[in-house]
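Chain by chain, the residues:
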Amino acid sequence: MSLMPLSPTHPLIQIFLTKTLNELQSAAENELAICDRLLSEEYFPHSMWLMSLRASVLYHLHEYEQAEHQFDTILRIDPYRIDDIDIFSNILYVQDNKLKLSRLAHDYLTLDKDRPEVCCLVGNHYSLRQEHEKAVKYFRRATELDRTYLTAWTLMGHEYVEMKNSHAAIEAYRRAVDINRKDYRAWYGLGQAYELLSMHNYALYYYQHATALRSYDVRLWQAQGSCYEELGRPREAIECYKRALISSELHETGICMKLARLHSLLDERAEAAGYHRRIVEYCQEKNRPVSEYAKSCLEVADYYISLPDGDFLFAKELLEQVAASNSEEAPRAGDMFKLAKTRLQERRRSIASSWNAESNQNGSNWTGYALANGTSYSGQVLATTPAASTSTSTSTWQPPAHWKVDRIQQSTPGLPQYVKRPPKAKNRTPEELEIISETAARFASRLAQDQAAILSPDVDTPFQDQLDVVKRLLPYHIFQQPKEDLDTVIYGKGKGKAVDYDLRTEISDTKFALECHRRLEKIRGRWRNVKIREGQRTSPDTQAYVLAQAVLEADRGETALLSTELRTARAELERIQKEQRASASAARVSQFSSTPTTPATTTPTQTQYYRAYPYTYAQPYGNPSANATTLTFPATPVATTPTYSAYQPSGAIPVQLPVASLPALHALGIVPVPATSLPPEGQPQPPAILRGSSANGTMLTLEINVSLLQSAQMHGLAVILNSLVARNAALANANSSAAAVSASTTPTTTSMPEAEKKPTEAS
C-alpha cells in the first residue's frame, strides 16, 4: 500500500513549511500569506495555534506592532493561554513596553510559575528594568524546567553579556548551539561574547556561521565588518559593509559613513566622496536637518574643489547650506564657500578669455572646418553661426572634460589646440560611408548604455541566472581599457609604439612572483593541515581553550583554599604542641625555693619610686645542697642599699635549672653549649651557655641571652620558669605549715639552732 502524494497547496504541506521556516528564522512574506490563507473562513478561522504561528512570523519579519495586535487578539479569546507567551514577551521587550510587560508577568506568575515560558516572560521583565541578576535567575529556572529550552539559554547569554561576564555568556550560548545548530542567534551571541573579550578572530568565526544561516541580516554583516576593522583588514571590511548596504534602509547612513571612512583611510578619495554624496542625497530625501549630514557635505565639497575640473557649482550649493545652518561645521563651511566661489569665478573667466581669443584669431578657419565636417571628433554636434560669417563668427562648443588640452600640440594651422588632427581623406563609396556612420552610431549608443548601467547599478535585485549575471556585469568592460589605448585616443599618436622593458627587471619581478606563489602555497598547506587537525578533534579548539582556562581558574581557587586550610591547621598544631610541651615540662619540674622578700633596709625614697623585684632566675631551684656551686650573685638579698640599673635586653641572664628541664629546653630549640666549646668572637653565639653544674650533677648553671631568642622560645622559657616558681611556692607553703604544727606540739624541745635551720631549709 503506497501513500498518496499531497499537492503543494494542501494545508498540511503549507503548515509544515511555515512552521519549519519559522523555526529557522527564515520566514518571509510568502509564509505570512500562507497563514492568512489558512486562517480564512475556508480552512481554520478560529485556530489559536495558527494565530500564534502568524504572530511568530510577524515577529521574525520585524513587524512588531502587527505581532502585538495578533497576540492581543489571542489573549482576548483565551486569557490563560501560556503557549508562545515568551515570544509575546520578546515583542514587548523590543518595543520597550514596560507597563504591559510588567502586568503580563504578574498575571502569568500567579497563574503558573513552573512553566518555562512564564519564567522566560518574568526574565524579560527584569531585563527590561535593568535588573540583570534577577533576569538570569529566572532564565536559569526556565532551563532547569526544560533543558532543551533554546530561548532561555540564548537570553541568559544576552544577560551575561550585559553583565560583562563573557565566560558565563559563552557557556550559555554553547548550550544553545548544542540544542539547535541552525539558530543564528546563538552563533551571533558567541561572536559578541568573544568580541567583548577582544578576541576578534574567534568572533569573526562565529559571525560567519551566523551569516551563513541568515545571509540578509544587516547586523551580521556589520559585525563582520567591525571585526575586520579591528584586525586591520579594511578591504574585507569594505566588502562586508557593501553587502550590508544591499538589504539596509534604516542603517544606510551609518554604513555609508563607515565605507567613506575606510576609503579615506585607503586614500581613495573618489569612492569616499561617492558615499558621502549618497549620505547627502539620502538625508535630503528624508528631509533631515543639515546638522546630521554637514560633515558629508564638507567632504563632498572638498573633493570637488580639489579637482581641476570639479563641480564647483554643486560644492558651492552644499557649502552654502551648511554655512547657513547651526551645525559645528558652519565656520569651516563658510571658509570653503569663499574658496569654491573664487574657483568658480576663475574658471568662468579663463574659459571666456581663452574662447574669445581663439575665436578672434582663428575664427574663419575653425568655422569653415566645423561647417565642412558637421561634427566634432568627440561625437558632439557643433553649434555655429551661418557660413556667411567669417571673422565675427562665434561658437558655443566646449572641449570634453577628459581631453587634456595642455598636452595636445597644435598640428593643423587654423584649428584650436583642443582639436585633434583631422583624419586623412580616403576614397570611399557612399555605401561604405553609410555603413561606417551606422556602426559608429550603434557603438556610441551601446557605449552610452553601458556607462549609464555602471553609473546607476541595480544593487537591490539579486541575480536570476547566468545570463542575467553576464548582462549586468558586462557593461563594466569600459573600465578595462588599457592606458596605452587611452593615450592613443587622447593624444592622437596613431598606433602605440612598443615599449622596451628592462629584461633584468622583468626577470626579477618574475622570480619574486614565483617566490610569493610558493609562500602562498605553503601558507595554504599549513592552514589546511591546521583545519584537518582541528576537525579530527572531538571538540573545537576554541571550546578546548575556554574549558582549559575554566579548569585552570578552578584549580587556582582550590589551591588557594587548601593553602589557607593548611596554614590554619599548622597554626593549630603548633598551639597544641606548645600546650603539650608546657604540660609535660610542668610535670617534670623539681622543687624550688620560695621567692626572697624585699630587703627591709630599703630607703623610703627608693621605696616610693621602685618596688622590690625578686630575682628568681638567679636563685637555685629545689632543695639546697651542701655541695652546690657558688652562685654568681647571692641567693638571699643583703641588707645593703640596692642599686638599680637600666634593663639591658641584649645581656645574658644567669639561670640555674635542674637537669630534668633539659628536654623541655631542647624542645624549644634552646641547646646549651659548654663554655669551652664556644665559637670565637665575631661569629654567631649560641643563645644558651653551660657554665657549670652541681657536685651531684642535678643542677645546671646556664647563661641565656634573651636577645638571641625568638618570640616562641621566650614564651616557652617563661612557661617553664613560671611552672618551677609555682611549684617551689607550693612546697614552701607546705613546709611552713608543717613547721607550725611541730612547734605547737613540742615547744620546749625547740632550740635556737633548729629555729634558724628551718628558714634556711625553706629558702
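Nothing here was measured: the structure is a model prediction, and the numbers come from that model.

A tally of helices and strands in the chain yields 28 helices and four strands. Per-residue burial for the chain yields a buried fraction of 31% across its 763 residues. Considering only contacts in the chain between residues 6 or more positions apart, those separated by 24 or more positions represent 54%. On the chain, roughly 48,300 Å² of surface is accessible, and the fraction owed to carbon and sulfur atoms is 55%.

This part takes up unusual backbone geometry. Its identity is not glycine, yet Lys164 carries a phi of approximately 65 degrees, on the positive side. Note on placement: Lys164 falls in the loop between α9 (150-162) and α10 (166-179). Its relative accessible area of 60% is what places Lys164 among the exposed residues. The backbone of Ser198 shows a phi angle near 60 degrees, a positive value even though the residue is not glycine. For Ser198, a relative accessible area of 53% corresponds to the exposed category.

Turning next to a negative patch on the surface. Together, Glu431, Glu432, Glu434 and Glu438 make up a region of like negative charge exposed at the surface. The residue Glu434 is located in helix α20 (residues 430-455) in this model. For Glu434, a relative accessible area of 46% puts it in the partly exposed group.

Here α9 contains 13 residues, and its C-alpha end-to-end distance of 19 Å stays within 8% of the 18 Å for a straight helix at 1.5 Å per residue. The element α9 is largely enclosed, with a buried count of eleven among its 13 residues. Here α9 has its buried residues at Leu150, Thr151, Ala152, Trp153, Thr154, Leu155, Met156, Gly157, Glu159, Tyr160 and Val161. In the stretch just after α9, Lys164 is the one whose phi turns positive, near 65 degrees.

Take the pairing of strand β3 (residues 688-693) next. Relative to β3, strand β2 (residues 673-674) runs parallel, the two sharing two bridges. Opposite Val673, over in β3, you have Ile689 as the bridge partner. Hairpin connection, β3 to strand β4 (residues 699-705): the antiparallel pair is bridged by five residues, and Gly697 has positive phi, about 80 degrees.

A separate point is the side chain of His60. Among the structural elements, His60 can be located in helix α3 (residues 48-60). Residue class for His60 comes out buried when judged on its relative accessible area of 15%. Among the polar contacts made by the side chain of His60, one reaches the side chain of Asn22 at a distance of 3.3 Å.

Membership of the largest hydrophobic core comes to 109 residues, with the highest contact counts inside it found for Leu104, Tyr108, Leu190 and Leu319. Once you skip the residues sitting within four places of it in the chain, Leu319 turns out to touch Leu298, Ala301, Ile305, Ala333, Met336, Phe337 and Ala340. Counting residues in hydrophobic clusters, the runner-up holds 16 residues, among them Val655, Leu700, Ile704 and Leu724.

Moving on: the confidence of the model for the chain. Summary statistics for the chain give a mean pLDDT of 76 and a share of 74% for residues scoring 70 or more. Scored below 50 in pLDDT, residues 493-501 makes three contacts in the model with residues more than four places away or belonging to other chains. In the predicted structure, residues 745-763 sits below a pLDDT of 50 and forms six contacts with residues beyond four places in sequence or in another chain.

Right, let's talk about the environment of Asp84 for a bit. Note on placement: Asp84 falls in the loop between α4 (64-77) and α5 (85-94). Looking at Asp84, the relative accessible area reads 25%, which means it is partly exposed. With residues up to four places along the chain from it excluded, the contact list for Asp84 reads Ser52 and Phe71.

Bringing the sheet that holds strand β1 (residues 652-658) into the picture now. Here we have four strands laid out as an open sheet, ordered β1-β4-β3-β2, and mixed in their pairing. Lying at the two open borders of the sheet, with one neighbouring strand each, are β1 and β2.

As a packed pair, α5 and helix α7 (residues 116-128) sit with axes 8 Å apart at the nearest point and diverge in direction by 10 degrees. With respect to α7, the element α5 is oriented roughly parallel. On α7, the residues touching Ile85, Asp86, Ser89, Asn90 and Tyr93 of α5 are Glu117, Cys120, Leu121, Asn124, Ser127 and Leu128.

Attention shifts here to the pattern of salt bridges. Side chains that differ in sign of charge can pair as their charged atoms come close. If you walk through the whole model with that rule in mind, you get 26 salt bridges. Put simply, Arg175 and Glu171 hold a salt bridge, and the shortest N to O gap is 3.4 Å. In this pair, Arg175 and Glu171 are both assigned in helix α10, four residues apart and thus about one turn of the helix distant. Within the structure, one salt-bridge network assembled from shared partners comprises Glu68, Asp72 and Lys100.

Here we come to α10. For α10, spanning 14 residues, the distance from its first C-alpha to its last is 20 Å, which sits close to the expected 20 Å at 1.5 Å a residue. Those residues of α10 not exposed but buried are Ser166, Ala169, Ile170, Ala172, Tyr173, Arg174, Ala176 and Val177. Those residues of α10 that are buried are in contact with α9, α11 (184-196), α12 (200-213) and α24 (541-587).

Okay, the packing of α5 against helix α6 (residues 98-111) next. Relative to each other, α5 and α6 sit at 155 degrees, their axes nearing to 10 Å. Taken together, the axes of α5 and α6 lie roughly antiparallel to each other. Helix-helix and strand crossings are classified by hand; for α5 and α6 the assignment is left-handed. Taken together, the residues of α6 that come into contact with α5 (itself represented by Ile85, Phe88, Ser89 and Leu92) are Lys100, Leu101, Leu104 and Tyr108. Class assignment for the residues of the contact of α5 with α6 results in six nonpolar, one polar and one charged.

A cluster of nonpolar side chains, contributed by Phe463, Leu473, Tyr476 and Phe479, occupies part of the molecular surface with about 420 Å² of accessible area. By the secondary structure assignment, Phe463 is in the loop between α20 and α21 (466-473).

Time to look at the packing of aromatic side chains. Applying the stated criterion to the full structure yields eleven aromatic pairs. A ring pair is formed by Tyr194 and Tyr206, whose centres lie 5.4 Å apart and whose planes are at 10 degrees; its orientation type is stacked. Of this pair, Tyr194 sits in helix α11 while Tyr206 sits in helix α12, and the two are twelve residues apart along the sequence. Assigned by exposure class, Tyr194 and Tyr206 land together as buried. Ring centres of Tyr303 and Tyr304 lie 5.6 Å apart, and the angle between their planes is 50 degrees; this geometry places the pair in the tilted category. By relative accessible area, Tyr303 is classed as buried at 17%.

Definitions and cut-offs
- Residues numbered from 1 in each chain as written.
- Predicted model: local features only at pLDDT ≥ 70, side-chain atom pairs only at ≥ 80, totals over all residues.
- Heavy atoms only, no water.
- Helix = DSSP H or I, 4+ residues; strand = E, 2+ residues; numbered from the N terminus.
- Buried < 20%, exposed > 50% of the residue type's maximum accessible area, 1.4 Å probe, protein only.
- Contact = heavy atoms within 4.5 Å.
- Areas by Shrake-Rupley, 256 points an atom, 1.4 Å probe, with all protein chains shown as cover.
- Patch = residues over 30% accessible without salt bridge, like charges linked within 9 Å, V, L, I, M, F, W, Y side chains within 5 Å.
- Salt bridge = Lys/Arg side-chain N within 4 Å of Asp/Glu carboxyl O.
- Lys, Arg positive; Asp, Glu negative; His and termini not counted.
- Charge placed at Lys NZ, Arg CZ, Asp CG, Glu CD.
- Expected span 1.5 Å × (residues − 1).
- Pairing = 2+ DSSP bridges.
- Polar contact = N/O pair within 3.5 Å; in protein donor to acceptor, adjacent residues only side chain to side chain.
- Core = buried A, V, L, I, M, F, W, Y, C linked by side-chain atoms within 4.5 Å.
- pLDDT = per-residue confidence, 0-100.
- Axes fitted to C-alpha atoms, helices over the stretch in contact; angles between N-to-C directions.
- Parallel < 35°, antiparallel > 145°, perpendicular 65-115°, else oblique.
- Left-handed = near helix turned anticlockwise from the far one by under 90°.
- Nonpolar A, V, L, I, M, F, W, Y, C, P; charged D, E, K, R; others polar.
- Phe/Tyr/Trp six-rings, centres within 6.5 Å; stacked < 30°, edge-to-face > 60°.

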